[in-house]
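# Examining the three-dimensional arrangement
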Amino acid sequence: MKRIADALGVSRATVSNALTGKGRVSAVLVERIRAMAEEMNYVPSHAARTLRLGRSTLIGMVVPDFSMPLFASFAQAFERAARARGLALMVADALNDPQLQRQRMQDFVARGVDGLVVIPMRGASLQLEGLPVALAVVDAEGNPANTASCDHGAGGRLVAGHLADLGHRHVRVVGVTTRSHVSEARVAGMTEVFRARGVDFTIDLIPPGLEGGHAYGLAWTRPATAIAAAYDGCAIGIVNGLLEAGHRVPQDVSVSGFDDVIWGRIITPQLTTVRQDLAAIADHALDVLTGRAEGARLFPVELVIRGSTTTPPSDRRDP
């Protein structure tokens, strides 16, 4: 920063303010300073900042399993939010292992992070007691430790309302066998609407992920006209299994999911699903960690209607 200041004839404080967006620096000077910083390949020293401020500005984030596209999207949203706040984000993959998730959290604490963001694994206990850093949990409204999440129950209600509006009167709601606040909230939202609309439904629990969904679709013999899955991963597996077994989607059975992962946009037919506002979730979680906000928040969701849902066969005439 001293080299940049000397080259432009300004103070080092002015350079610092221009690069961090603080203080009063004219837009013209900010542009000149940032151009010079880029020319000199300036990189902020987090070690120096740690010594100066007495804190690390590092945030650790632990996700359950990077093989699932949703968690990569979450990490990307948190990376953008962290950069906007001058924070450095380190991300670890728990590799679908609850014990490894806790170990990753401890590793981050040992590295001196100021805060932790955790997307808890299905059924895993975070053992929150005794953590010496701020913690933000991204889960569901049913988790007392939840800091920020989408409104999973509302998303379930949107899906159920969509299927009921299409005319479906016999639906299978598919949750997961492992304990999950997220799955429970989504299933509860669906069943609430189905009961109110007089739709006959049954809840089936399957192993989470593509494999569980594929086996479910492959063995499909039920008289329902729609399947409402709590996760896109399950729904995509179900679609593949149904097609492999000779069923048509959505002509024979409609299928919906939840999360709007990339896989749902590249299968045929594309998946009807619910989209989360990942940017808003990341912003609030980091605001809580940095003391800019307090309390848990639920964020609205959006129903995305695609080709995997349509009216039930009995409501269509085959020309």
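Just above sits the structure.
Residues numbered from 1 in each chain as written. Predicted model: local features only at pLDDT ≥ 70, side-chain atom pairs only at ≥ 80, totals over all residues. Heavy atoms only, no water.

In this section: the side chain of Asn146. Counting through the fold element by element, Asn146 comes out in the loop between strand E4 (134–137) and strand E5 (148–150). Not counting the four nearest positions on each side in its chain, Asn146 is found in contact with Val137, Val138, Asp139, Ala140, Glu141, Ala296 and Leu298. (Helix = DSSP H or I, 4+ residues; strand = E, 2+ residues; numbered from the N terminus. Contact = heavy atoms within 4.5 Å.)

Here strand E3 (residues 115–118) shows no split at all, with Gly115 and Val117 on one side and Leu116 and Val118 on the other all buried. Judged from the 4 bridges that link them, strand E1 (residues 58–63) and E3 form a sheet pairing that is parallel. From the neighbouring strand, Val62 faces E3, where its bridge partner is Val118. Where E3 meets E4, 4 bridges bridge the pair, whose relative direction is parallel. Paired with Val117 across the strands is Ala136, a residue of E4. (Buried < 20%, exposed > 50% of the residue type's maximum accessible area, 1.4 Å probe, protein only. Pairing = 2+ DSSP bridges.)

Attention now moves to the sheet that holds E4. Pairing is parallel in the open sheet, where 4 strands are placed in the order E2-E1-E3-E4. The open sheet has two edge strands, strand E2 (88–93) and E4, and neither has a second partner. The mean inter-strand angle of the sheet, taken between neighbouring strand axes irrespective of direction, is 20 degrees. (Axes fitted to C-alpha atoms, helices over the stretch in contact; angles between N-to-C directions.)

The residue after Val249, namely Pro250, is reached through a cis peptide bond having omega 10 degrees. Across the junction of Thr268 and Pro269, the peptide omega takes the value 0 degrees, indicating a cis bond. Positive phi, normally seen in glycine, also occurs at Leu95, with a value near 55 degrees. Within the secondary structure, Leu95 is located in the loop between E2 and helix H6 (98–110). Within the chain, Asp259 stands out as a residue other than glycine whose phi angle is a positive 135 degrees. Checked against the element boundaries, Asp259 lands in the loop between strand E9 (254–256) and helix H11 (263–266). The buried category is assigned to Asp259, whose relative accessible area is 8%.

So, about helix H12 (residues 278–289). The first and last C-alpha atoms of H12 sit 17 Å apart over 12 residues, in line with the 16 Å expected at 1.5 Å per residue. The buried fraction of H12 is high, at 9 of 12 residues. For H12, every residue scored as buried is listed here: Leu278, Ala280, Ile281, Ala282, His284, Ala285, Leu286, Asp287 and Leu289. Tucked into the core, H12 has its buried residues touching E1, helix H5 (69–84), E3, E4, E5 and strand E11 (297–299). Gly291, located one to two residues past H12, shows a positive phi value of around 80 degrees. (Expected span 1.5 Å × (residues − 1).)

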